[in-house]
Amino acid sequence: QRATEEAAAAKQRAASEAAAKKAAADEVRSARQELEAREDDLANYELGEHEGRVRSIEDQIAGLGDPMRLKQVEAAKMNSAVPHVGKWVYEQVGGGSKEAAEAKVLGPMLLYLDLPDKGHQKLAVQAFPARTLTSFLARDEGTRDQLQDELKRRGPQTRITVFRNRAKTFSPAPNRPSSADMKRFGVTAWLDEALRIRDDLRGEVLAFLKQQMGVDTYLLATPAAVGKIDALQQFLQQSGMTGVTVLTPERVYRFGRSKYGARAATSSSSLPQRHRHAACFSVVVDTSRKKELEGQLKEARKGLELKRKERQAVERDVGQLQQKLDAAKGRQVELNNNTVRLNRLAARIDQAKKRLDPARESVADFNADAQKEGYRRRLCDAHQRSLDSLQKAAAAVKRHEAALTKLALVRVGLAAAEAQLAEAEGNTDELDERIARLRREAEAAKAEARKAADKVGALVREAKGKAAEFAGRKEAPLSEEAQGVWDALPAGADELEDRIAELEAETSSTSADGNSIKEYERRRKEIEQLKTRVDAAQQAIAAQGGKVAGLEQAWRPALEEMVDRVNQKFGSCMAAFRCAGEVSLSDGRSLDEHGEPAGDDDFEKYKIHIKVKWRDGEQLHVLGEAGRDSGGERSVATMVYLISLQEINPAPFRVVDEINQAMDSTNERIIFKCVTEACKDGGKQYFLLTPKLLPDLDYGEDCAIQLVFNGPHNRRRDQFDLSRFC
């Protein structure tokens, strides 16, 4: 009955919780819908568009009264990156000063060019490409490299060209006739004469324009020149002036000379092209436009202020709705947590009930005596297994002790054998001395035996001579003991020598000392043979060493001279980078503890060491050692080494693939200069393959440039005007 009541109460609580959860979910949903609706309203009150419109109108008004500002706008139309680069030059190069920035960089070039004559303004557009008008002119190499690095950092989309013009003065071609002499042909002025440029910059700017587009070869003319164009061409030819472009309102004429055959005079004409920068030279202040823009600015500011107020009201509503939504979410989370706890408790009750019934049945069926008897049997079995394991362990310990004893005996025997061997080896000198002493004693005994035998013979003969009467008598027989002693004595010197030889043979064949003597003799003979072979080998080595030394004297000086030439060239080229370098020959000798060469010279270990030093305070180190050099530094050193090799290497040409990709602009420019200088003597040629080159490089007359310019987005061949490039 109690369980039934608890179950009913639990169901009631669950129903109450479900209703509360549904109410909380509905509240959250309603609050979220209201919040999203107000946020959508807030999106309609974005101020960015209105603020941008106000700023745009303000910029337009400011630009109407400033011709320089109008030119900046025109330059931005030609290239959107111009304002950003100009701002960087003003801040980073000039430090926030226009004068300081202009002292190092001029640009964009359009800002420094004016054409007062309106007729000239329309004509000049045909002469100036947008690339030239938006380019920057660096007045020193350091600033040029700094600006090029910044453009590289900005990425390929920043299509700005930086030039370094070394000429500071301008002078047209010496044979160019004056515009006054050509007035009868409808000519009004040369283009460089028509341009108005600041006096302090005129020479430098015109020199740059002459180098880039040939500003001194453009004639500005009236429509009357169209009918007199042939006479004008003939007049220019008589003056010796070729490569002239005549700009008229109706057509553009180009006079030149053929590069083939008799180099006949050529001329071509085309219609004036329409350019995006057609109005770049005709910037004027429009007062009516300014008044119109001021009215628009007033209305835009009113609209902006109204939008701000409306947006603030909506933002307050959004904040209140957000608080309401957060409170509803908090209540919903709390209800969810309560539901989770209730579900967890209900699950625990069900699990307890499931465990309770089997437990009750197990208690009813439990037999304590049988369980005790079963545990007792298992305990006895485990005890017996433990005893068996102990017996096996004891037997294993005994076997281990026997093995250790046997091992100890073996080690003792080994130590005794080693001691006997050491003793035998140590007694070799003593044995040699003993054998020599025994031999000397044997020789002395032999000599004494001979003397004794001779003396006995002499005494017998002397006795027989003095007692001749006893010569025929038989001697009395000796006793057995005396006879045995007499028989044991040698009969003479020969018998004594035979006995000595017999004793030596017996000694050498039966005793341990005899075996040692034989082994000693054998070893001594082997040593003598080895000494003979060593002497012969040393003599052969000495003979071959003499030959090798002779050969080395034949090639070593020439090799050292070649390395010295390469070293001098390498050092002079590295000095151009304000660095230091050295090329040295390392022979095959190893270095001792003091770092000096020592030992034999192994020709297989010869190598060339390229050593470099990039910065002050560093020491010369081997190129690439311990990863100390960057990729650009390794490329520079490798290229300088190739240039240094060409005086001793007869290869007619070299192919270098993208060696400049890891270099900065300064090192790339110096490397290119080194390559061109190296080829001036003739007989040498470099093929440099690269996807890009720095602008304003000094190519010289010996350089040829092949451009691979192809692709689906390239212009067709018939769309190129070849006369513009010839």
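These numbers come from a predicted model, not from an experiment.

Enquirer: For the overall build of the chain, give the residues involved together with the corresponding values.
Expert: Helix and strand counts for the chain come out as 19 helices and 15 strands. Residues counted as buried form 26% of the 726 residues belonging to the chain. Surface accessibility of the chain: about 49,400 Å² in total, with carbon and sulfur atoms responsible for 52%.

Enquirer: Which residues make up the packing of helix α4 (residues 82-93) against helix α8 (residues 141-154), and what are the values?
Expert: Between α4 and α8, whose axes approach to 12 Å, the crossing angle comes to 130 degrees. The angle between α4 and α8 places the two elements in the oblique class. The crossing of α4 and α8 is right-handed. Here His 84, Val 85, Trp 88, Val 89 and Val 93 of α4 come into contact with α8, specifically with Thr 143, Gln 146, Leu 147, Glu 150, Leu 151 and Arg 154. Along the lines of polarity and charge, the residues of the contact of α4 with α8 split into six nonpolar, three polar and two charged.

Enquirer: Any chance you could break down the side chain of Thr 245 for me, citing the residues and the numbers?
Expert: Note on placement: Thr 245 falls in strand β6 (residues 244-247). With sequence-adjacent residues up to four places away left out, Thr 245 is seen in contact with Thr 217, Tyr 218, Leu 219, Val 252, Tyr 253 and Arg 254.

Enquirer: How would you sum up the sheet that holds strand β12 (residues 607-613)? Please name residues and give values.
Expert: Taken in spatial order, the three strands make up an open sheet running β9-β12-β13, and their pairing is antiparallel. Looking at which strands have only one partner, the edges of the open sheet turn out to be β9 (580-586) and β13 (621-622). Note that β12 and β13 share two bridges and pair antiparallel. Each residue of the ladder has a partner; that of Lys 611, found in β13, is Val 622.

Enquirer: Please set out the sheet that holds strand β1 (residues 105-106) residue by residue, giving values where relevant.
Expert: Spatial ordering of the open sheet is given by β1-β2-β3, a layout of three strands whose pairing is mixed. This sheet does not close on itself; its edge strands, each paired only once, are β1 and β3 (162-164). As paired strands, β1 and strand β2 (residues 136-138) are joined by two bridges and run antiparallel to one another. The residue bridging Val 105 from the neighbouring strand is Ala 138, located in β2.

Enquirer: Break down the packing of aromatic side chains for me, citing the residues and quoting the values.
Expert: Scanning the entire structure with this criterion turns up three aromatic pairs. When the ring centre of Phe 235 is taken as reference, the NZ or CZ atom of Arg 184 above it lies at 5.1 Å.

Enquirer: Now, about the environment of Arg 13: what can you tell me, with residues and values included?
Expert: Topologically, Arg 13 is positioned in helix α1 (residues 2-43). By relative accessible area, Arg 13 is classed as partly exposed at 44%. Sequence separation of Arg 13 and Leu 342 is 329 residues, and the distance between their C-alpha atoms is 8.9 Å.

Enquirer: Pulling in residues and values, what's your account of the packing of helix α18 (residues 631-645) against helix α19 (residues 665-678)?
Expert: Pairs of packed helices are described in terms of their axes, by the angle between the two and the distance that separates them. At their nearest, the axes of α18 and α19 sit 10 Å apart, and the two run at 10 degrees to each other. One way to sum up the angle between α18 and α19 is to call them roughly parallel. From α18, Val 636, Met 639, Val 640 and Ile 643 reach across to α19, where they touch Asn 667, Ile 671, Cys 674, Val 675 and Ala 678.

Enquirer: Any details on the pairing of strand β5 (residues 218-221)? Residues and values, ideally.
Expert: Across a regular strand the side chains alternate sides, sitting on one face of the sheet and then on the other. Burial along β5 is two-sided: Tyr 218 and Leu 220 facing one way and Leu 219 and Ala 221 facing the other are all buried. Across three bridges, strand β4 (residues 187-190) lies against β5 in antiparallel orientation. Considered in β5, the bridge of Val 187 is made with Ala 221. Looking at chain direction, β5 and β6 are connected through three bridges and run parallel. In the sheet register, Tyr 218 faces β6, and the bridge partner there is Thr 245. On the question of chirality, the crossover connecting β5 to the parallel β6 by way of helix α11 (residues 229-238) is right-handed.

Enquirer: An account of helix α10 (residues 199-213) is requested, with residue identities and associated values reported.
Expert: Taking 1.5 Å of rise per residue, 15 residues should cover 21 Å, and α10 covers 21 Å from first to last C-alpha, within 8% of that figure. Turning to α10, its buried residues number three or more, namely Leu 201, Glu 204, Val 205, Leu 206, Ala 207, Phe 208, Leu 209 and Met 213. Where α10 is buried, its residues touch β1, α7 (130-133), β2, β3, α9 (191-194) and β5. Of the residues trailing α10, Gly 214 is marked for its positive phi of about 65 degrees.

Enquirer: How would you summarise a nonpolar patch on the surface if you had to cite specific residues and measurements?
Expert: A grouping of Val 548, Leu 551, Trp 555 and Phe 603 is seen on the molecular surface, where their side chains present a nonpolar patch of about 360 Å² in accessible area. Take Trp 555: it is sitting in helix α17 (residues 512-575).

Enquirer: Describe the pattern of salt bridges, and please don't skip the residues or the numbers.
Expert: Two side chains that carry opposite charge are able to pair once their charged atoms sit near each other. A full pass over the atoms with the stated rule returns 16 salt bridges. Residue Asp 145 pairs with Arg 144 through a salt bridge whose shortest N-O separation is 3.4 Å. Each of the two residues, Asp 145 as well as Arg 144, counts as buried. Glu 204 is paired through a salt bridge with Lys 168; the nearest N and O atoms lie 3.3 Å apart. Placement of the pair is Glu 204 in helix α10 and Lys 168 in the loop between β3 and β4, with a sequence separation of 36 residues. Linked through salt bridges whose partners overlap, the residues forming this network are Glu 102, Arg 198 and Asp 200.

Enquirer: Quick one: what's the story with the nonpolar core, residue by residue and with numbers?
Expert: Leu 113, Phe 128, Leu 191, Leu 195, Leu 209 and Phe 281 are the most contacted members of the largest nonpolar core, which totals 49 residues. When residues of this core are assigned to their parent elements, the largest contribution, six residues, is made by α10. Counting 28 residues, the second-largest nonpolar core is a separate cluster that includes Phe 577, Ala 637, Tyr 641 and Ile 670.

Enquirer: Break down unusual backbone geometry for me, with residues and values.
Expert: With an omega of -5 degrees, the peptide bond running from Gly 107 to Pro 108 counts as cis. Within the secondary structure, Pro 108 sits in the loop between β1 and α6 (118-124). At Arg 578, a position not held by glycine, the phi torsion is positive, near 60 degrees. Looking at the secondary structure, you find Arg 578 in the loop between α17 and β9. Here Arg 578 falls in the exposed class, since its relative accessible area comes to 80%.

Enquirer: Hey, could you go over the environment of Gly 295 for me, with residue numbers and the actual values?
Expert: Along the chain, Gly 295 turns up in helix α12 (residues 287-365). Distance in space between the C-alpha atoms of Gly 295 and Ile 57 is 9.8 Å, their sequence separation being 238 residues.

Enquirer: Report on the confidence of the model for the chain, specifying residues and quantitative values.
Expert: Looking at the chain as a whole, its pLDDT mean stands at 77, while 74% of the residues score no less than 70. Taken as a whole, residues 467-476 scores under 50 in pLDDT and shows zero contacts with residues more than four places along the chain or in a different chain.

Enquirer: I'd love a proper account of the state of the cysteines, names of residues and values included.
Expert: On inspection of all chains with the given rule, the structure shows zero disulfides. The thiol of Cys 674 is not disulfide-bonded; the next cysteine sulfur, from Cys 573, is found 4.7 Å away. Of the residues examined, Cys 674 reaches a relative accessible area of 14% and is grouped as buried. Take Cys 703: it sits in no disulfide, and the sulfur closest to it among the cysteines is that of Cys 679, at 7.5 Å. Assessed through its relative accessible area of 31%, Cys 703 is described here as partly exposed.

Cut-offs and rules
Counting restarts for each chain, with residues numbered from 1 along the sequence as it is written. Owing to the predicted nature of the model, reporting of local features is limited to residues with pLDDT of at least 70; listing and counting of side-chain atom pairs is limited to 80 or more, with chain, interface and lining totals taken over all residues. For side-chain calculations, the full set of non-hydrogen atoms in the structure is used, while hydrogens and water are omitted. Every helix listed is a DSSP run of H or I at least four residues long, and every strand listed is a run of E at least two residues long, numbered separately from the N terminus. The cut-offs for exposure are 20% and 50% of the maximum accessible area for each residue type, with area from a 1.4 Å probe on protein chains only; residues under the lower value are buried, those over the upper are exposed, and the others partly exposed. The protein chains shown are the only cover counted for residues, whose accessible areas, like all others here, come from Shrake-Rupley with a 1.4 Å probe. Convention adopted: a line fitted to C-alpha atoms gives each axis, helices being fitted over their contacting stretch, and angles between N-to-C directions are expressed from 0 to 180 degrees. Each angle is binned into one of four classes, with values under 35 degrees roughly parallel, values over 145 roughly antiparallel, values of 65 to 115 roughly perpendicular, and all other values oblique. Crossing handedness is read from the near helix: turned anticlockwise from the far helix by less than a right angle, it gives a left-handed crossing, and turned clockwise, a right-handed one. Any pair of residues with heavy atoms lying within 4.5 Å of one another is described as a contacting pair. Note on residue classes: Ala, Val, Leu, Ile, Met, Phe, Trp, Tyr, Cys and Pro are nonpolar, Asp, Glu, Lys and Arg are charged, and everything else, Gly too, is polar. One bridge is not enough; two strands pair if DSSP finds at least two bridges between them. Any Phe, Tyr or Trp ring, taking Trp's six-membered ring, that has another such ring centre within 6.5 Å forms a pair; planes under 30 degrees apart are called stacked, those over 60 apart edge-to-face, and the others tilted. In this scheme, Lys NZ or Arg CZ marks a charge over a ring once it lies within 6 Å of the ring centre and within 35 degrees of the ring normal. Seen with the strands pointing away from the viewer, any crossover whose path from the first strand over the helix to the second strand runs clockwise is right-handed. Expected helix span is taken as 1.5 Å per residue step, with the number of steps being one fewer than the number of residues. Patches in this entry comprise residues that are over 30% relatively accessible and not in a salt bridge; like charges within 9 Å are linked, as are nonpolar side chains (Val, Leu, Ile, Met, Phe, Trp, Tyr) within 5 Å. Take a side-chain nitrogen of Lys or Arg and a carboxyl oxygen of Asp or Glu: if they are within 4 Å of each other, that pair is a salt bridge. Buried residues of nine kinds, namely Ala, Val, Leu, Ile, Met, Phe, Trp, Tyr and Cys, make up a nonpolar core once their side-chain atoms join them within 4.5 Å. Every residue carries a pLDDT, the predictor's confidence in it, which falls somewhere between 0 and 100. By convention in this document, the label disulfide applies to cysteine sulfur atom pairs within 2.5 Å.

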